[in-house]
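# Chain and residue survey
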Amino acid sequence: MSDEPGTPDAPAGSTGGGPNGPRPEPLRFFGTSWVHHDGGYAARRAGVAVGSLAAAAASCLILRFAYQGLQIADTGSFVTVLVVVMFAICSALAFRNTWDRFGRRPDPDRQASLRGLLAIGFVGSLLAYFFRTLIEAPGEKLHRAEYEEARTRHERRTTRRTGNPAKKTRRH
């Protein structure tokens, strides 16, 4: 781990022993460029938006091939409708879960229990990533709030008091 401030391998709130205070937590694809919106932040956001939308479109194309496979196999309309509804519901739930994860830290136990559902609804997760990238770097608002809180705590701890506390008058 590096002791330089702002390195991407340090979690939010860590000081690394230096006087500069807490370091921002890196975001996937953005590193710590989200802090000051520098280092190609706008280009990265555009690239992530295009990439996630392209991945969602490619995924839909693959799902279309799977749907055609069901029709060729002549499994019947019940199975076809069941598969389509399953992917639609799982995608909607994955979208909502991914969108909520950008605003608060996820519960690891809940994430583990939803792993299968999120894998089936991967298109929803990709679309949530796309739409969030249009607003900000996904997770930026949460990380910024945590980083600002850590900076405030650090500043309170490191501010020097004026005067000698031993000379403070005590009331009995």
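Residues numbered from 1 in each chain as written. Predicted model: local features only at pLDDT ≥ 70, side-chain atom pairs only at ≥ 80, totals over all residues. Heavy atoms only, no water.

### Some words on the packing of aromatic side chains
Stated formally: Ring pairs shown here join Phe, Tyr and Trp side chains whose ring centres sit within 6.5 Å, with only the six-membered ring taken for Trp; geometry is labelled stacked below 30 degrees between planes, edge-to-face above 60, and tilted in between. For the purposes of this entry, the term helix denotes a DSSP run of H or I that reaches at least four residues, the term strand denotes a run of E that reaches at least two, and both are numbered from the N terminus. Any residue under 20% of the maximum accessible area for its type is buried, any over 50% is exposed, and the rest in between are partly exposed; the area is computed with a 1.4 Å probe on protein chains only.
One pass over the full model with this rule turns up seven aromatic pairs. Both rings, one in Phe-30 and one in Tyr-41, keep their centres 5.8 Å apart while their planes meet at 50°; by these two values the pair is tilted. You can see Phe-30 sitting in the segment before α1 (41-72) and its partner Tyr-41 sitting in helix α1, a full eleven residues away along the chain. Since its relative accessible area comes to 1%, Phe-30 is described here as buried.

### Thoughts on the packing of helix α2 (residues 77-101) against helix α5 (residues 122-135)
Our working definition: To get an axis, a line is fitted to the C-alpha atoms, and for a helix only the part in contact is used. The angle between two axes follows their N-to-C directions and goes from 0 to 180 degrees. Note on convention: the crossing is left-handed when the near helix lies turned anticlockwise from the far helix by less than a right angle, right-handed when the turn is clockwise. When checking whether two residues touch, look at their non-hydrogen atoms; a contact exists if any pair is within 4.5 Å. Side-chain classes follow a simple rule in which Ala, Val, Leu, Ile, Met, Phe, Trp, Tyr, Cys and Pro form the nonpolar group, Asp, Glu, Lys and Arg form the charged group, and the remainder, Gly included, forms the polar group.
Remark: α2 packs on α5, axes separated minimally by 6 Å, with the N-to-C direction vectors making an angle of 35°. As for how α2 packs across α5, the hand of that crossing is right-handed. In this structure, α2 contributes Phe-87, Ser-91, Ala-94, Phe-95, Thr-98 and Trp-99 to the contact, and α5 contributes Phe-122, Val-123, Gly-124, Ser-125, Leu-127, Ala-128, Phe-131, Arg-132 and Ile-135. Tallied by class, the residues present in the contact of α2 with α5 amount to ten nonpolar, four polar and one charged.

### Some words on α2
Basically, it comes down to this: Here the expected length of a helix is defined as 1.5 Å per residue gap, with one fewer gap than residues.
Taking 1.5 Å as the rise per residue, α2 with 25 residues should run 36 Å; its terminal C-alpha atoms sit 36 Å apart, in good agreement. Taken together, the buried positions of α2 are occupied by Thr-80, Cys-90, Ser-91, Ala-94, Asn-97 and Thr-98. Where α2 is buried, its residues contact α1, α3 (108-113), α4 (115-120) and α5.

### Overview of the nonpolar core
Note the threshold: In plain words, nonpolar cores are sets of buried Ala, Val, Leu, Ile, Met, Phe, Trp, Tyr and Cys residues tied together by side-chain atoms within 4.5 Å.
The biggest cluster of nonpolar side chains holds ten residues, and these are Leu-27, Phe-30, Trp-34, Val-35, Tyr-41, Val-48, Phe-102, Tyr-129, Ala-137 and Tyr-147. Beyond its immediate sequence surroundings of up to four residues, Trp-34 is in contact with Pro-24, Glu-25, Pro-26, Leu-27, Tyr-41, Glu-140, His-143, Arg-144 and Tyr-147.

### Points about a nonpolar patch on the surface
The cut-off we apply is this: Patches draw on residues past 30% relative accessible area with no salt bridge. Two like charges within 9 Å are joined, as are two nonpolar side chains (Val, Leu, Ile, Met, Phe, Trp, Tyr) within 5 Å. Per-residue and other accessible areas were derived by the Shrake-Rupley procedure at a 1.4 Å probe size, with only the shown protein chains allowed to occlude residues. Basic side-chain nitrogens of Lys or Arg form a salt bridge, by our definition, when they fall within 4 Å of a carboxyl oxygen of Asp or Glu.
A contiguous nonpolar patch, built from Val-81, Val-85, Ile-89 and Leu-93 and spanning about 340 Å² of accessible area, is present on the exposed surface. Within the secondary structure, Val-81 sits in helix α2.

### Remarks on the confidence of the model for the protein chain
Using the following cut-off: Scored from 0 to 100, pLDDT reflects the predictor's confidence in each residue.
In the predicted model, the protein chain carries a mean pLDDT of 85, and the fraction of residues at 70 or more is 81%. For the protein chain, helix α6 (residues 140-158) is the element with the lowest average pLDDT, namely 90, and α5 is the one with the highest, namely 95. Confidence drops under a pLDDT of 50 for residues 1-10, and excluding neighbours within four residues, the segment shows 23 contacts in the predicted structure.

### What about the side chain of Ser-52?
For clarity, the cut-off: What qualifies as a polar contact is a pair of N or O atoms within 3.5 Å, subject to a donor-acceptor requirement within protein and to the restriction that residues adjacent in sequence count only when both atoms come from side chains.
Relative to the assigned elements, Ser-52 resides in helix α1. For Ser-52, the side chain forms a polar contact with the main-chain nitrogen of Phe-130, separated by 3.5 Å. Those residues in contact with Ser-52 that lie beyond four places of it in its chain are Leu-126, Tyr-129 and Phe-130.

### Re α1
For α1, which comprises 32 residues, the first-to-last C-alpha distance of 46 Å matches the rise-based estimate of 46 Å (1.5 Å per residue) to within 8%. For α1, the complete set of buried residues consists of Tyr-41, Val-48, Ala-49, Ser-52, Ala-56, Ser-59 and Leu-70. Along its buried surface, α1 packs onto α2, α5 and α6. Positioned one or two residues after α1, Asp-74 has a phi angle of 55°, which is positive.

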